[in-house]
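# Results of the structural survey
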Protein chains: 2
Amino acid sequence: MTKKDKVKVIPLGGVNEIGKNMTAIEYKNEIIVIDCGLAFPDEEMFGVDIVIPDVSYLIKNKDKVKGIVLTHGHEDHIGALPYILKQLNVPVYGTKLTLGIVETKLKEHGILRESQLRVVQPKDVIVFGDVKVEFIRNSHSIADSCSLAIHTPVGIIVHTGDFKIDFTPIDGAVMDITRLSELGKEGVLLLMADSTNVERPGHTMSERAVGETFEKIFSDTKQRIIVATFASNVHRIQQVINAAYKFHRKVAVCGRSIENIVEVASQLGYLSIPEGMLISIDDIGKYPKHKITIITTGSQGEPMSALARMSTSEHRKVEIVKDDLVIISATPIPGNEKLISRVINQLFKKGADVIYESLADIHVSGHACQEDLKLIHTIVKPKYFMPVHGEYRHLKKHSLLAQKLGMDESNIFIPELGYVLELTKDSAKFNGNVTSGQVLVDGLGVGDVGNIVLRDRKHLAQDGILTVVVTIEKETGSVIAGPDIISRGFVYVRESENLMEEARNIVKRALDRCLGNNVTEWAALKSSIKDDLREFLYEKTKRKPMILPIIMEI
Amino acid sequence: MTKKDKVKVIPLGGVNEIGKNMTAIEYKNEIIVIDCGLAFPDEEMFGVDIVIPDVSYLIKNKDKVKGIVLTHGHEDHIGALPYILKQLNVPVYGTKLTLGIVETKLKEHGILRESQLRVVQPKDVIVFGDVKVEFIRNSHSIADSCSLAIHTPVGIIVHTGDFKIDFTPIDGAVMDITRLSELGKEGVLLLMADSTNVERPGHTMSERAVGETFEKIFSDTKQRIIVATFASNVHRIQQVINAAYKFHRKVAVCGRSIENIVEVASQLGYLSIPEGMLISIDDIGKYPKHKITIITTGSQGEPMSALARMSTSEHRKVEIVKDDLVIISATPIPGNEKLISRVINQLFKKGADVIYESLADIHVSGHACQEDLKLIHTIVKPKYFMPVHGEYRHLKKHSLLAQKLGMDESNIFIPELGYVLELTKDSAKFNGNVTSGQVLVDGLGVGDVGNIVLRDRKHLAQDGILTVVVTIEKETGSVIAGPDIISRGFVYVRESENLMEEARNIVKRALDRCLGNNVTEWAALKSSIKDDLREFLYEKTKRKPMILPIIMEI
């Protein structure tokens, strides 16, 4: 190693945003990618299903990319894999459960066979050449989650991944704080740490607290119990199973994603379900109500989820009846409050009792709060710090937290997507940036929905569209058919016949004027129609529908 | 009064929903309307500006309607007045500040002159014939708010309006609990009470708590302070002014709605601003930063609000600079979380410090929590109870709260919009229902956007539209021009030329087939084109754009 040796750290997702976490670590001819997540579209991305990172930089440097290392199996860390692997088929490293979930995903996309999945265990070190990646057990709201230590020739980079500190985790596998301390003692060049909960004071509660609440609820209830939670929260599911077992209830699982996870997690040994306890959702009618627990999806009120369909009597297998007890074991992700509220209202209307966030301890977060973050900063003692996984407000607050612990502001780097943090043994600085951003997935289309399409969808959503068609004989410049005006999403035509008739006259006048003046540039004609009609409609309705003039030339 | 005398209570808004509060009280030939509010469109109501109650029932019974009594001046209680008064010009009763705000509104809609606004004071009793309405002072997040006692021949109905119990209100005018107790002693037939905060245990904090926090923040800050809050929260504005006064700062007000309220409230004596303290927003540059406080709108992150525009440097008069302190003195209304978060991120990026909900006591609710509700139920001691102002979950929880206090479930009536609660001296039952619901306001259109238009807007938002135009000679059945396909909001055409070319071929084949078979019913032809194209596009893209075939006949 020379003094000029450099490592580049390039966040390609998960900074200044929630989701699509991805970071590239580059040293000479090696690039290691940490995580490959998706994000959910924001409310302005009409029709978009998911959002994935722009990986142009990785594609451009295809030969350098040695592998993708995964911290854990949540969608915002693995969800973009099926799309990225199609362009960049490199080995993927992760723990058993993480890759179990990835497998299901790749199978659905029909690319499992050609993929290279490599199972690792906590404490494993993967050697990629000059760069080595060490997996370090942590705690999170999914089992088998890891932090990473990336050993590079210029120094050690610790990436926490998503984490919390749970001294009493459900699987007994406590976060390897000792190893982080050792690394801290050895000397860590850069810490990248989860900022999700940096606004919350205190410590994050242990997952076990939820189990205690479940036991109390189960012991008090003589009715059927339906628990909705995140499919991937295997520990939460385990705790529902434990409570059900204690109070002699059977458990049925309902909802495609949660059925998948329960199957994968059971097979791999991450869920322990006593013999004979799991029953098919088809058989719930065979047992009395007080012997049944249903674990289901829909804790975010997603309209197509099992719980939402149960709440509107659209579920084929579960009908909510009076006195059912529904536990929504989750907190609303910002933006989902109204959806959840709708489901809760419908459940109450059906006579169910519903326990949701206002009752404490039916959910705990999977992310470290302020005091937990302080512990990590203190033991890792990094020279430089880059807050990750959060919107700007979180990154900024995380920077302030580090400063309170004594770090100099000049040693803290609040990143932007694509910024290149250049590290040497004794320096760090942002130096340039690479192509980065978001790629929108809509149906089968990856990236074919861009700003123009979104702008049009927004315009259409707001005020609808008026299509104006006219057939014109080119030689004579005379109107052969039309103008016809067809509107969609603008007004209910039957009730606005006069308005539409007037609009037609506006178009006719524009045509007469232009054709009378021998305008034969259809573009000019179209823009006259558009302008006149827009002005007329805005005056009459204060709305601005999209106007689409079409001229058929014969 | 005979034993058969009946009073009808008909909620026309504000039950099973948040907003557009309105209730009709009917006795023989008199209808008194309580409140006349608007609601904000939900996320599926694309392009809709506001939602108002369907008042068909009132219009049908125009001659009976004697007046509208207003509990307070919030949008969800007065916002529909400009629209309803145009159809039903009856006297409107309210306190001075309430009608001051209404006046501004009616002026904007150009109907102030013909309106009949009648100012009342707390303790006033308005006699409408057999029905008398008594105004009773209460506390809420707007000054001059009232509960109502409606004295009818069959008994007294108490309607709390929106309220909280604040023993130390800013204006010193404490809720008239004594009068409610007297009424309770006299005997109340029906209580209708605010359910907004029924899920929250304990008491609602006094507005004064916020003032204490402001003082602390102001005393610690040497920078410019910008406070965003609800325009109508006059007490909150007063407290900002008090803190500014104490720490020798000038105050500038920024944002149209808050400028209006400050003007009205000052004129009417609800705001007391020391001489020379209020400066124009144009003059903020004339004072050092530590001498300036700006009170502004945008506490909900509304994209067009003053604060949002400041955060993106689009505000003409205020530029956020490093170290500005922004206080967002409000909690997010469900659904607004992401908008607010966006503004907070942008403010932080500009180098401002931002204090928002996570810091306690910069906002308190205007609605009664559980213990406050219990007090009201206990002193009013109604025979019957109808929870109002809330979604179903709130109404249900409020019913449970009343039952815990000893009320029989059969005496509690959870309403639906338009349900008629029929009261006699000693009975109550739901009996039938009247037309009710929501009327959507979009631009100048009131009610012209209905389900079909909304469904189309949703479809257009999701996948865009493909317009297919073809000109056909009717006699020969031959295609003279086209087919042309124009897409908007579907794919970016330049990148999807092949797809569009294939789509054109699909349409050509459908045309050939139909015209070859002498199909001359254009409806049949259109539906062939639609079906073939839909199937093709779904297979290729898994999307379902709207398809609009247009046939021009010559």
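These numbers were taken from a predicted model, which means no experiment stands behind them. Each residue is numbered by its place in its chain's sequence as written, counting from 1. Written order determines the labels here, with chains lettered from A and ligands numbered from 1. Two thresholds apply to this predicted model, a pLDDT of at least 70 for residue-level local features and 80 or more for giving and counting side-chain atom pairs, whereas whole-chain, interface and lining totals are computed over all residues. Excluding hydrogens and water, the side-chain values take into account all heavy atoms of the structure.

### Side note on the sheet that holds strand E4 (residues 50-53) of chain A
Residues and elements named next belong to chain A. Defined as follows: A pair of strands is labelled paired if DSSP reports no fewer than 2 bridges between them. Where helices and strands are cited, they refer to DSSP runs of H or I of at least four residues and of E of at least two residues respectively, numbered from the N terminus.
If you walk across this open sheet you meet the three strands as E4-E22-E23, and the pairing is antiparallel. The open sheet has two edge strands, E4 and strand E23 (445-446), and neither has a second partner. Taken together, the two bridges between strand E22 (residues 438-442) and E23 define a ladder with antiparallel strand orientation. Its bridge partner being in E23, valine 441 is matched across the sheet by valine 446.

### Here we look at the interface of chain A and chain B
As a reminder of what qualifies: Whether two residues touch is decided by their heavy atoms; if any such pair falls within 4.5 Å, the residues are in contact. Here the quantity called buried area is the total loss of accessible area, with a 1.4 Å probe, experienced by two parts when brought into contact, counted for both. Every case where a carboxyl oxygen of Asp or Glu lies within 4 Å of a side-chain nitrogen of Lys or Arg is listed as a salt bridge. Between N or O atoms, a polar contact is any pair within 3.5 Å; within protein, one atom must be a potential hydrogen donor and the other a potential acceptor, and residues adjacent in sequence are included only when both atoms are from side chains.
The interface of chain A with chain B comprises 70 residues on the first partner and 69 residues on the second. Contact between chain A and chain B buries roughly 5700 Å² in total, counting both sides, with carbon and sulfur atoms accounting for 59%. The tally of links between chain A and chain B comes to six salt bridges. Across the pair arginine 543 of chain B and aspartate 448 of chain A runs a salt bridge, and its minimum N-O distance is 2.5 Å. Applying the counting criterion to the chain A and chain B interface returns 27 residue pairs in polar contact (both at pLDDT 80 or more). Listed by contribution, the elements that provide at least two residues to the side of chain A that touches chain B are helix H10 (337-349), helix H12 (392-404), helix H13 (451-463), strand E24 (465-473), strand E25 (478-488), helix H15 (522-541) and strand E26 (546-553) of chain A. Take the side of chain A that touches chain B: its biggest share by element is nine residues, from H10 of chain A.

### What about the packing of aromatic side chains?
Each aromatic ring pair is summarised here by two numbers: the centre-to-centre distance and the angle between the ring planes. Short version of the rule: Two rings from Phe, Tyr or Trp (for Trp, the six-membered ring) form a pair when their centres sit within 6.5 Å of each other. Planes less than 30 degrees apart are called stacked, planes more than 60 degrees apart edge-to-face, and all others tilted. Residue burial is assigned from relative accessible area. The probe radius is 1.4 Å, only protein chains are included, and a residue is buried under 20% of its type maximum, exposed over 50%, and partly exposed in between. Placement of a charge over a ring requires the Lys NZ or Arg CZ to be within 6 Å of the ring centre, with the centre-to-atom vector within 35 degrees of the ring normal.
A complete count under the given rule lists eleven aromatic pairs over all chains for this structure. Between phenylalanine 413 of chain A and phenylalanine 430 of chain A, the aromatic rings sit 5.5 Å apart at their centres with planes inclined by 85 degrees, giving edge-to-face as the arrangement. Here phenylalanine 413 of chain A, found in the loop between H12 and strand E20 (419-424), pairs with phenylalanine 430 of chain A, found in strand E21 (residues 427-433); they are 17 residues apart in sequence, far enough to count as distant. The partly exposed category is assigned to phenylalanine 430 of chain A, whose relative accessible area is 28%. Between the aromatic rings of phenylalanine 348 of chain B and tyrosine 356 of chain B, the centroid separation amounts to 6.3 Å while the plane-to-plane angle is 80 degrees, which identifies the pairing as edge-to-face. Note on accessibility: phenylalanine 348 of chain B and tyrosine 356 of chain B belong to one class, buried. One aromatic cluster is present, formed by Tyr384, Phe413, Tyr419 and Phe430 of chain A through successive ring pairs. Just above the ring of tyrosine 538 of chain A sits the side chain of lysine 544 of chain A; from NZ or CZ to the centre is 5.1 Å.

### A closer look at empty space enclosed by the protein
Residue and element names in this part refer to chain B. Here is the rule: The distinction between a cavity and a pocket rests on a 1 Å grid over the protein atoms alone: a 1.4 Å probe fits inside a cavity but cannot get out, while a pocket stays open yet meets protein on both sides within 12 Å along at least five of seven lines, and a residue with an atom within 4 Å of a point counts as lining. Grid points are joined across faces, edges and corners, and a volume is the space filled by probe spheres set on the points. Classes in brief: Ala, Val, Leu, Ile, Met, Phe, Trp, Tyr, Cys and Pro nonpolar; Asp, Glu, Lys and Arg charged; the others, Gly included, polar. For the purposes of this description, domain bounds are those given by an automatic or database domain assignment.
By the definition in use, this model includes three cavities of 30 Å³ or more. Estimates place the volume of the largest cavity at around 150 Å³. Along the walls of the largest cavity sit 21 residues, with Ser139, His140, Ile142, Pro169 and His235 positioned nearest its centre. In terms of residue class, the lining of the largest cavity is built from six nonpolar, eight polar and seven charged. Residues lining the lining of the largest cavity come from more than one domain, with at least three contributed by each of domain 1 (7-202 + 365-436) and domain 2 (207-359). Here the second largest cavity is characterised by a volume of approximately 110 Å³. Of the residues that constitute the lining of the second largest cavity, the class distribution is four nonpolar, six polar and six charged.

### Observations regarding the pairing of strand E21 (residues 427-433) of chain B
Residue and element names in this part refer to chain B. Where strand E20 (residues 419-424) lies against E21, five bridges are found, and the strand directions are antiparallel. Along E21, the bridge assignment pairs threonine 424 with serine 427. Hairpin connection, E20 to E21: the antiparallel pair is bridged by two residues.

### Re the UniProt feature "binding site: Zn(2+)" (unreviewed entry) in chain A
All names here are of chain A. The line we're drawing: UniProt positions are given in the numbering used here, feature names are shortened, and annotations may be inferred rather than shown by experiment.
UniProt records the feature "binding site: Zn(2+)" (unreviewed entry) at His72, His74, Asp76, His77, His140, Asp162 and His389, using the numbering of this structure. Across 318 residues, the annotated set stays spatially compact, with a maximum C-alpha separation of 14.1 Å. Lining residues of the second largest cavity drawn from the annotated set just named are His140. Mapped onto the elements, histidine 74 comes out in the loop between strand E5 (65-69) and helix H2 (75-78). Those residues within four positions of histidine 74 in sequence are excluded, and the remaining contacts are Gly79, His140, Ser141, Ile142 and Ser232. Separated by 3.4 Å, the side chains of histidine 74 and histidine 72 make a polar contact. Note on placement: aspartate 76 falls in helix H2. Non-local contacts of aspartate 76, meaning those with residues more than four positions away in its chain, are made with Gly19, Lys20, Asn21, Gly37, Leu38 and Asp162.

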